[in-house]
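# What the coordinates show
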Amino acid sequence: MSGHTALGIEALDQAVRLHVYRHAAETARVPKPDEIAAAVGQPLPEVEKSIQRLAADHVWVLAPGTANIWAANPFCAVPFNFRVSARGRTYWGICIWDALGIAATLNSDATVVARCGDCDEEIVLEVRDGALARGEGVVHFAVPASQWWDNIAFT
Amino acid sequence: MLLFRSEEHIDRWCAFRELPRGGIMSPEQCWLLAHAWYADKASPDWRRRTREEAEAVLAGIGLTEPFWSLHA
């Protein structure tokens, strides 16, 4: 995008990250690379490199083979298994940790609707006034912590 | 990481997939983990935690067994 001052790598990564999280929090939608480039006023190829750097640093997870953000954790870009209602909007998490993380990032009351990984029965959790006001069930991590990022989608 | 109705449901899920049982935590622990991990994620001051800091977060909610170690 000509006419804009080029940012250094650190400043660009910060601008990209902040835009993605503010946009996701305010709209419940994770922006696409061209939208991020327009918002931060930087060329798309540079913004795509920034998105990939931040993915390599485990800030978020990309859709395979693209610079599209699949999950700006805790916010998932597409409807997934964990639905979170907060601030009058519907957000999605890729796991129960992220679903509860949405309430934490938003600093908001939230209702999480999950399903039992085994029997698919609905389980509802509620965050109220910064605490878990309703929670049932048991959380299971299949992968040891040292291997979480080997295959984050499975984790 | 998934949520299950009970440990019996976890064991059935693991058996069906021929996987060993992993690590478990309560929804309350998961909320405390989520809050510690994500409350500052949208902040300008956020930075990725070091491995030691991440392990301290896990230990802070009572997850100290080897399963929760971030050292390979």
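Residues numbered from 1 in each chain as written. Chains lettered and ligands numbered in written order. Predicted model: local features only at pLDDT ≥ 70, side-chain atom pairs only at ≥ 80, totals over all residues. Heavy atoms only, no water.

Another point: the overall build of chain A. Check the secondary structure of chain A and you find 4 helices and 9 strands. Starting at the N terminus and walking to the C terminus, you meet the elements of chain A as α-α-α-β-β-β-β-β-α-β-β-β-β. Sorting the 155 residues of chain A into buried and exposed places 48% on the buried side. Summed over all atoms, the accessible surface of chain A reaches about 6,900 Å², with 48% contributed by carbon and sulfur. Looking at chain A, you have 12 positive and 18 negative side-chain charges, and the mean spots of the two groups are 6 Å apart. (Helix = DSSP H or I, 4+ residues; strand = E, 2+ residues; numbered from the N terminus. Buried < 20%, exposed > 50% of the residue type's maximum accessible area, 1.4 Å probe, protein only. Areas by Shrake-Rupley, 256 points an atom, 1.4 Å probe, with all protein chains shown as cover. Lys, Arg positive; Asp, Glu negative; His and termini not counted. Charge placed at Lys NZ, Arg CZ, Asp CG, Glu CD.)

The subject of this paragraph is the sheet that holds strand β9 (residues 138–141) of chain A. Read across the open sheet, the 3 strands follow the order β1(B)-β9(A)-β2(B); overall the sheet is antiparallel. For this open sheet the edge positions go to β1 (2–4) and β2 (23–25) of chain B, each flanked by a neighbour on one side alone. Taking each pair of neighbouring strands and ignoring which way they run, the sheet shows an average axis angle of 35°. Note that β9(A) and β2(B) share 3 bridges and pair antiparallel. For A:His140, the partnering residue across the bridge sits in β2(B) and is B:Ile24. Across the sheet, helix α2 (residues 27–38) of chain B lies against β9 of chain A together with β2 of chain B, angled at about 90° from β2(B), the strand it touches most. (Pairing = 2+ DSSP bridges. Axes fitted to C-alpha atoms, helices over the stretch in contact; angles between N-to-C directions. Contact = heavy atoms within 4.5 Å.)

By size, the foremost hydrophobic cluster in this structure holds 73 residues, and its most contacted members are A:Trp60, A:Ile96, A:Trp97, A:Leu100 and A:Phe141. With 8 residues, the top contributor of residues to this core is helix α4 (residues 96–106) of chain A. Excluding anything up to four places from it in sequence, A:Trp97 contacts A:Phe141, A:Trp148, B:Met1, B:Cys30, B:Leu33, B:Ala34, B:Trp37 and B:Tyr38. (Core = buried A, V, L, I, M, F, W, Y, C linked by side-chain atoms within 4.5 Å.)

Quick look at α2(B) now. For α2(B), spanning 12 residues, the distance from its first C-alpha to its last is 16 Å, which sits close to the expected 16 Å at 1.5 Å a residue. Of the residues making up α2(B), those classed as buried are B:Pro27, B:Gln29, B:Cys30, B:Trp31, B:Leu33, B:Ala34 and B:Tyr38. (Expected span 1.5 Å × (residues − 1).)

Here we take up unusual backbone geometry. Residue and element names in this part refer to chain A. Here asparagine 73 and proline 74 are connected by a cis peptide whose omega angle stands at 15°. Along the polypeptide, proline 74 turns up in the loop between β2 (69–72) and β3 (75–76). Despite not being glycine, alanine 28 has its phi angle at roughly 70°, a positive value. When you line up the elements, alanine 28 lands in the loop between α1 (9–27) and α2 (33–40). Phi is positive for arginine 87, which is not a glycine, with a value near 50°. You can see arginine 87 is positioned in the loop between β4 (82–86) and β5 (89–93).

Counting residues at the interface gives 42 residues for chain B and 49 residues for chain A. Roughly 4,200 Å² of surface becomes buried between chain B and chain A when both sides are summed, with 65% attributable to carbon and sulfur atoms. Inspection of the region where chain B meets chain A yields 4 salt bridges. A salt bridge links A:Asp57 to B:Arg48; the nearest nitrogen and oxygen atoms lie 3.3 Å apart. Between chain B and chain A we count 23 residue pairs in polar contact (both at pLDDT 80 or more) in total. Mapped onto the side of chain B that touches chain A, the elements with two or more residues apiece are β1, α1 (7–17), β2 and α2 of chain B. Here the side of chain B that touches chain A gets 9 residues from one element, more than from any other, and that element is α2(B). Across the side of chain B that touches chain A, the residue classes break down as 26 nonpolar, 9 polar and 7 charged. (Buried area = accessible area lost by both parts, 1.4 Å probe. Salt bridge = Lys/Arg side-chain N within 4 Å of Asp/Glu carboxyl O. Polar contact = N/O pair within 3.5 Å; in protein donor to acceptor, adjacent residues only side chain to side chain. Nonpolar A, V, L, I, M, F, W, Y, C, P; charged D, E, K, R; others polar.)

For chain B, per-residue confidence averages 93 on the pLDDT scale, and 100% of positions sit at 70 or higher. In the model output, the complex is listed with pTM 0.92 alongside ipTM 0.94. (pLDDT = per-residue confidence, 0-100.)

Time to look at the sheet that holds strand β6 (residues 110–115) of chain A. Each strand in a sheet pairs with another by means of backbone hydrogen bonds, the pair being arranged parallel or else antiparallel. Residue and element names in this part refer to chain A. Across the sheet, which stays open at both edges, the 5 strands sit in the order β5-β4-β6-β7-β8 with antiparallel pairing between neighbours. Sheet topology places β5 and β8 (131–134) at the edges, where each strand pairs with a single neighbour. Pairs of neighbouring strands in the sheet enclose a mean axial angle of 30°, with direction left out of account. Where β6 lies against strand β7 (residues 122–128), 6 bridges are found, and the strand directions are antiparallel. Considered in β7, the bridge of valine 112 is made with leucine 125. Contacts between α4 and the sheet are confined to β4, β5, β6, β7 and β8, with β5 contributing the most and set at about 135° to the helix.

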